[in-house]
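Fold and contact review
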Amino acid sequence: MKTAVQELDLRSAGSLDEALRILREEPRMPLAGTTDVYVSLNFGTLEPRRFLDIWALDELRTISLDGDTLVLGALATYTALIQSPLVAARLPMLIDAARLVGGVQIQNRGTLGGNIANASPAGDSLPVFAAMDAQVVLRSVDAERLVPITRFYTGYRTTVLRPDELIVAIRVPPVGGRQYFRKVGTRAALAISKIVIAGVRGPEPRVAFGSVAPTVVRAWKTESALAAGAGIDEAVRVLQGEIAPIDDLRSSAAYRHRVAANLLRRFWS
Ligand SMILES: Cc1cc2nc3c(=O)[nH]c(=O)nc-3n(C[C@H](O)[C@H](O)[C@H](O)COP(=O)(O)OP(=O)(O)OC[C@H]3O[C@@H](n4cnc5c(N)ncnc54)[C@H](O)[C@@H]3O)c2cc1C
């Protein structure tokens, strides 16, 4: 690592209450699986020097139902999701997404809370949660609030998360219809997405994209067009006005526009 370890100040929490109390006392960057944080530490681009290890908080690992709502603990790893019968029954597209995250090592350590808080527009779980109208559960010492994931991001890599809060869970309500997830990257494994689609084809179609704008995008206008019975060519035209991909080192805006259209067609057929 280019960062000297002795410059870093690390505390560990043994319980959620303790973690929240520490964050109330002083700002510290939470460390979950650390798979994103290590990359920035290695490149020497990480500003924070004070960290809070939350990996031991087993209370944030549970995957359960609250009535009809699937509740995924923030520390649920991709491996835990892949192995969960509940997720397979309720949210199979999240399993499709989890299987394509990194490789097995990353799937064993990477967490949902980390993917969401890291706020990359290429985060693979984000379109799944956007398509499902999921809510992010944020907790501080004295309050808990629920933020729809479509309002969690305020811009490129910025969120409404406060320094004294942790993501504790993601609540996913049931949505009727057939789920679809597709990630397009340079290769099938260990590739950061060039573009991602997650959709539900049911009475109320839902579709969300990753890597086509500074934040995950719910294609509201495209959905309305599809719900109103528009043909797929018309829906693609609406979609092209709804997304704003950029040229970057992974892909070009023109390519992303074209692939987004192709993915929408494939989802709808
Ligand atoms: C080789 C490699 C391949 C990868 N492939 C993919 C991929 O295919 N798709 C993909 O989407 N990502 C990929 N990633 C990125 C990363 O693995 C995921 O984003 C992962 O989900 C991050 O989870 P983590 O627990 O490791 O987060 P960490 O690195 O621990 O944290 C990431 C950020 O989230 C914050 N954070 C973590 N948990 C919480 C919480 N509960 N509350 C508040 N803030 C929190 C941290 O403070 C930090 O800012 C890859 C990374 C590597 C190194």
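Thresholds, definitions, all that
Residues numbered from 1 in each chain as written. Predicted model: local features only at pLDDT ≥ 70, side-chain atom pairs only at ≥ 80, totals over all residues. Heavy atoms only, no water. Helix = DSSP H or I, 4+ residues; strand = E, 2+ residues; numbered from the N terminus. Pairing = 2+ DSSP bridges. Axes fitted to C-alpha atoms, helices over the stretch in contact; angles between N-to-C directions. Contact = heavy atoms within 4.5 Å. Polar contact = N/O pair within 3.5 Å; in protein donor to acceptor, adjacent residues only side chain to side chain. Parallel < 35°, antiparallel > 145°, perpendicular 65-115°, else oblique. Left-handed = near helix turned anticlockwise from the far one by under 90°. Nonpolar A, V, L, I, M, F, W, Y, C, P; charged D, E, K, R; others polar. Salt bridge = Lys/Arg side-chain N within 4 Å of Asp/Glu carboxyl O. Buried < 20%, exposed > 50% of the residue type's maximum accessible area, 1.4 Å probe, protein only. Arc of directions from axis to C-beta.

This part takes up unusual backbone geometry. Notably, alanine 119 is not glycine yet its phi reads approximately 65 degrees, a positive angle. Mapped onto the elements, alanine 119 comes out in the loop between α7 (112-118) and α8 (125-131). Within the chain, serine 211 stands out as a residue other than glycine whose phi angle is a positive 70 degrees. Take serine 211: it is sitting in the loop between β13 (206-210) and β14 (217-218).

With respect to topology, three strands assemble into an open sheet ordered β1-β3-β2, the strand pairing being parallel. The open sheet is flanked by β1 (9-12) and β2 (29-31), the only strands paired with a single partner. Geometrically, the sheet is characterised by an average inter-axis angle of 30 degrees between neighbouring strands, direction not taken into account. Its contacts with the sheet place helix α1 (residues 16-25) against β1 and β3 (50-53), and it is angled at close to 145 degrees to β1.

Following the sequence through the fold, glutamine 179 ends up in strand β11 (residues 178-184). Side-chain polar atoms of glutamine 179 contact the backbone oxygen of arginine 90, separated by 3.1 Å. Within the local environment of glutamine 179, its side chain forms a polar contact with the backbone nitrogen of methionine 93, the two atoms lying 3.1 Å apart. Setting aside residues up to four positions removed in sequence, glutamine 179 forms contacts with Arg90, Leu91, Pro92, Met93, Met132, Gly199 and Val200.

What follows deals with the packing of helix α11 (residues 232-242) against helix α12 (residues 253-268). At a closest axis distance of 10 Å, the pairing of α11 and α12 adopts a crossing angle of 140 degrees. Compared by their axis directions, α11 and α12 come out oblique. Seen from above, α11 lies across α12 with right-handed handedness. Across from Ile232, Asp233, Ala235, Val236, Leu239 and Gln240 in α11, the residues of α12 making contact are His257, Ala260, Ala261, Leu264, Arg265 and Trp268. When grouped by side-chain class, the residues that make up the contact of α11 with α12 number eight nonpolar, two polar and two charged.

A few words on the pattern of salt bridges. A side chain with one charge may pair with a side chain of the opposite charge, provided their charged atoms come close. Under the counting rule described, the total for this entry stands at 19 salt bridges. Residue arginine 206 pairs with aspartate 133 through a salt bridge whose shortest N-O separation is 3.2 Å. In this pair, arginine 206 is assigned in strand β13 and aspartate 133 in the loop between α8 and β6 (135-139), connecting sequence segments 73 residues apart. We classify arginine 206 as buried; its relative accessible area is 11%. On the accessibility criterion, aspartate 133 (32% relative accessible area) is partly exposed. Between arginine 162 and aspartate 164 there is a salt bridge, with the nearest N and O atoms lying 3.1 Å from each other. Connected via shared salt-bridge partners are Asp9, Arg11, Glu25, Glu26, Arg28 and Arg50.

For helix α10 (residues 220-227), the complete set of buried residues consists of Thr222, Glu223, Ala225 and Leu226. Buried positions in α10, seen along its axis, are confined to an arc of 160 degrees and lie on one side of it. Exposed side chains of α10 directed beyond 90 degrees from the buried face belong to Lys221 and Ala227. Elements in contact with the buried residues of α10: β13, β14, α11 and α12. Immediately downstream of α10, the backbone of glycine 229 shows phi near 95 degrees, a positive value.

A word on the sheet that holds β11. Taken in spatial order, the four strands line up as β11-β12-β13-β14 in an open sheet, and their pairing is antiparallel. Every interior strand has two partners, whereas the edge strands, β11 and β14, have only one. Bridge count for strand β12 (residues 195-201) against β13 is five bridges, and the pairing is antiparallel. Opposite valine 200, over in β13, you have arginine 206 as the bridge partner. Of the strands in this sheet, β11 and β12 are in contact with helix α5 (residues 92-99), which crosses β11 at around 15 degrees.

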